[in-house]
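An overview of the molecular structure
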Amino acid sequence: MAPDDDPRRAALRDWLAANPNPSGRQLAEAGWVVPHWPAPYGHDADALHQLIVDEELQKAGVSRPVNPIGIGWAAPTILMAGSDAQKQRYLWPALSGEEVWCQLFSEPDAGSDLASLRCSAVRDGDEWVLNGSKIWTSGAHRSAFGILLARTDPDAPKRRGISYFVCPMRTPGITMAPIVDMTGAHSFNQVFFTDVRLGADCLVGEPGEGWRLAKATLANERVSLSSGGVLWGSGPTVDDLLEAVRAGGGVADPVLRQETARVWAEGRILTLMRYRTLSARLSGAAPGPEASVQKILADEHGGHVMALAKSLAGAAGMLQGSGPTGTVPERRRAGPTEMKARGGLGGVDPVWHYGWTFSPALTIGGGTWAVQRNIVAEWVLGLPRDVPG
Ligand SMILES: Cc1cc2nc3c(=O)[nH]c(=O)nc-3n(C[C@H](O)[C@H](O)[C@H](O)COP(=O)(O)OP(=O)(O)OC[C@H]3O[C@@H](n4cnc5c(N)ncnc54)[C@H](O)[C@@H]3O)c2cc1C
């Protein structure tokens, strides 16, 4: 899309030639982790410039640090509403991936209706005292910090009584119970807070601003290329599946051939929708209705690709580690390290089994399929609100 001789491309190529194996810190300090941010963290990159950066890093085989909550959620909120001291303390280690972050939002009784959360933070002198529990906290056991929503004013209307905190995960009074999901991996936790004392400097913004900050963070979206895999941007694509199928000799069964064509067509439609959203962004327009339905379709497409991979393996699909023969490129592999290791089942790649067991989560995390449809019904189709208030 951007010409090969674009000077911004040349600048990044020069940098990559001088830094062929950059560390997370080098990438962050050069502004390539969040190019759309202002200096000193980024280059104020517009959508086209962001695409150039993504393309050039990908071509050079350079990956950004893996710290999705830290880079995608915590850091933008701290940049927007944090104090100078918070910016200085947290931003560089988050952007460089040196300090991993988790997201302490969902509770046992507050998921889709997040504003009903009950975890409380009570001010006591120079500290806040936390009590309650969070659940489904991905990576809490590997995180240095969490972004946490807590109720600081139980008498205020529910969305106004919530505040936003930075929570150091090794603070006394925090305990965790691992939750092993059906991929077999320990990726989630339930986190318990018993009289946990956070310094007043852990509050981000003003008391009662938590809901506004959480929403603003969610809207802080980077341009994402259509080349991402079907598991929320990582993992293999439908084209990787077709490549694996071809390597294994094609599909003989007529029903499976039809299903393969249907899932491939679905993948193409999604790619075209992403291009449409992207062109709108490049010409300065706000995302239209197609952006709202994109998440619904993309999440379901992930499930369809993985279910097809299992069906293509036939009866052997019931075995762990099974899927089409042929391997998936390294950059498309997702999941915990032990799942990434190549399996011994005649060249079959366990990435398909991991993806199949993970894929039901796609239509739950980040807003369930039903909640996404409510959003489309209300904000795109203008239908009456689902739950008033
Ligand atoms: C892979 C994964 C990673 C996650 N990581 C994190 C994390 O790091 N941090 C974090 O805080 N949370 C995390 N979550 C939790 C996630 O945000 C919640 O699971 C999600 O918001 C749904 O909440 P819930 O599980 O309480 O389900 P509920 O809200 O209880 O929903 C139960 C069922 O009711 C339906 N439903 C609910 N409300 C409506 C409605 N208004 N209309 C129609 N149907 C409705 C839902 O669709 C669902 O089928 C993660 C979840 C997954 C799957």
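Everything here concerns the structure above.
In this report, we go over the structure that sits alongside the text. For clarity, every value in this text was computed on a predicted model and none was experimentally measured. (Residues numbered from 1 in each chain as written. Predicted model: local features only at pLDDT ≥ 70, side-chain atom pairs only at ≥ 80, totals over all residues. Heavy atoms only, no water.)

A cis geometry characterises the amide bond from Ala-39 onward to Pro-40, with omega recorded as 5°. With respect to the element layout, Pro-40 can be found in the loop between helix 2 (24–29) and helix 3 (47–59). Despite not being glycine, Asp-44 shows a phi value in the positive range, around 55°. Positionally, Asp-44 belongs in the loop between helix 2 and helix 3. Accessibility expressed as a relative area gives 56% for Asp-44, which makes it exposed. Phi angles above zero are rare outside glycine, and Trp-232 is one such case at about 50°. Mapped onto the elements of the fold, Trp-232 is located in the loop between helix 6 (210–219) and helix 7 (238–247). A relative accessible area of 45% means that Trp-232 is categorised as partly exposed. (Helix = DSSP H or I, 4+ residues; strand = E, 2+ residues; numbered from the N terminus. Buried < 20%, exposed > 50% of the residue type's maximum accessible area, 1.4 Å probe, protein only.)

The next point concerns the environment of Gly-199. Topologically, Gly-199 is positioned in strand 7 (residues 186–199). Under the relative-accessibility criterion, Gly-199 is labelled partly exposed at 25%. Separated by 76 residues in sequence, Gly-199 and Arg-123 place their C-alpha atoms 9.7 Å apart. With near-sequence residues (within four places) excluded, Gly-199 lies in contact with Asp-126 and Trp-128. (Contact = heavy atoms within 4.5 Å.)

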